[in-house]
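Here are the chains, one letter per residue:
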Amino acid sequence: MHPPLTPHRHPMCLEIIEEFQKCHLEHPIGKFFGECTELKVKLDRCFRQEKAVKRKVNFEQSKKLQERLKTIRKEETAET
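Here the residue index of a chain counts from 1 through its sequence in written order. Per-residue local features of the predicted model are confined to residues with pLDDT of at least 70, and side-chain atom pairs are confined, for both listing and counting, to 80 or more; whole-chain, interface and lining totals are unaffected and use all residues. For the side-chain quantities, the full set of heavy atoms in the structure was used; hydrogens and water were omitted.

Student: Whenever I open this one, the overall build of the protein chain confuses me. Can you help?
Tutor: Looking only at helices and strands, the protein chain has two helices and zero strands in total. Scaling as 2.2 N^0.38, a compact globule of 80 residues should have a C-alpha radius of gyration of about 12 Å, whereas the protein chain reaches 21 Å, well beyond that. Principal-axis analysis of the C-alpha atoms gives the protein chain an extent of 70 × 20 × 15 Å. Exposure is judged per residue with a 1.4 Å probe applied to protein chains only, and the accessible area is read against the type maximum: over 50% gives exposed, under 20% gives buried, and values in between give partly exposed. Burial statistics for the protein chain: of 80 residues in total, 19% are counted as buried. Contact definition: two residues touch when any of their heavy atoms are within 4.5 Å. The contacts of the protein chain with a sequence gap of at least 6 include a subset with a gap of at least 24, amounting to 52%. Here, Shrake-Rupley sampling with a 1.4 Å probe gives the accessible areas, and only protein chains in the shown set may cover a residue. Accessible area of the protein chain: about 6900 Å², with a carbon and sulfur share of 57%. In this tally, Lys and Arg are treated as positive and Asp and Glu as negative; His is ignored, and so are the chain termini. Charge positions come from single atoms, namely NZ of Lys, CZ of Arg, CG of Asp or CD of Glu. Positive and negative side-chain charges in the protein chain, numbering 17 and 13 respectively, have mean positions lying 5 Å apart. Counting from the N terminus, the helices are the DSSP runs of H or I reaching at least four residues and the strands are the DSSP runs of E reaching at least two. Note on method: radius of gyration uses C-alpha positions; expected globular size equals 2.2 Å times residues raised to 0.38.

Student: Can you walk me through the nonpolar core in this structure?
Tutor: Among soluble globular proteins, nonpolar side chains are generally buried collectively. Residue types Ala, Val, Leu, Ile, Met, Phe, Trp, Tyr and Cys, when buried and joined through side-chain atoms within 4.5 Å, form a set referred to as a nonpolar core. In terms of nonpolar packing, the biggest core is built from eleven residues, these being L5, C13, I16, I17, F20, C23, C36, L39, L43, C46 and F47. Looking at this core, the elements with two or more residues in it are α1 (14-26) and α2 (37-79). Ignoring any residue separated from it by four or fewer positions in sequence, one finds C46 in contact with M12, C13 and I16.

Student: I would appreciate a short explanation of the pattern of salt bridges in the present structure.
Tutor: Two side chains with opposite charge may pair up if their charged atoms get near one another. Salt bridges are defined as contacts in which a side-chain nitrogen from Lys or Arg sits within 4 Å of a carboxyl oxygen from Asp or Glu. Evaluated as defined, the whole model comprises two salt bridges. In this structure, K22 and E26 form a salt bridge, with 3.9 Å as the shortest nitrogen-oxygen distance. Taken as a pair, K22 and E26 lie in helix α1 at a separation of four residues, close to a single helical turn.

Student: Where do I start with α1 in this structure?
Tutor: Residues three or four positions apart in an α-helix share a direction because the helix packs 3.6 residues into each turn. With 13 residues, α1 ought to run about 18 Å at 1.5 Å a step, and its terminal C-alpha atoms sit 18 Å apart, in line with that. Listing the buried residues of α1 in full gives I16, I17, F20 and C23. Projection of α1 onto a plane perpendicular to its axis shows the buried side chains occupying an angular sector of 125 degrees, all on one side. Within α1, the exposed residues directed more than 90 degrees away from the buried face are E15, K22 and L25. Tucked into the core, α1 has its buried residues touching α2. Expected span of a helix: the number of residues minus one, times 1.5 Å. Note that the arc is computed from the directions linking the helix axis to the C-beta atoms.

Student: Please explain the state of the cysteines as it appears in this structure.
Tutor: Each disulfide consists of one covalent bond between the sulfur atoms belonging to two cysteines. Pairs of cysteine sulfur atoms within 2.5 Å are identified as disulfides in what follows. Within this structure, the stated rule accounts for two disulfides. In this model, C23 is linked to C36 through a disulfide, with the two sulfur atoms separated by 2.0 Å. Because the sign of the S-S torsion sets the handedness, a value of about -95 degrees for the bond joining C23 and C36 places this disulfide among the left-handed ones. Of this pair, C23 sits in helix α1 while C36 sits in the loop between α1 and α2, placing them 13 residues apart in sequence. According to the relative accessible area criterion, C23 is buried, its value standing at 9%. What connects to what in the protein chain, once the bonded cysteines are numbered by sequence position, is 1-4, 2-3.

If you want it as C-alpha cells, here you go:
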C-alpha cells in the first residue's frame, strides 16, 4: 500500500508516479497480475528516500528549536 499519489506532496517522485498511474491505465487487468510491480518497487524506494530527506530536515529544525529554547530558558533563569 502506498500513500495518496498527489504530485504536490511528492515532488521528488513525480516522474515515477506518472509512469505508475499510466501503467495502471494501460493495463487495467494486468495490474492485478504484476504488470506494474517494477514501477511499484521504484515508487516505494523513492518514497523511502523522500521520507529520509524530510526526516533529516525535520530533525535539523528540531535541533535548532531546542537550542533556541535552551537559550531562552537560560536567559529567564539568569534574570530571576
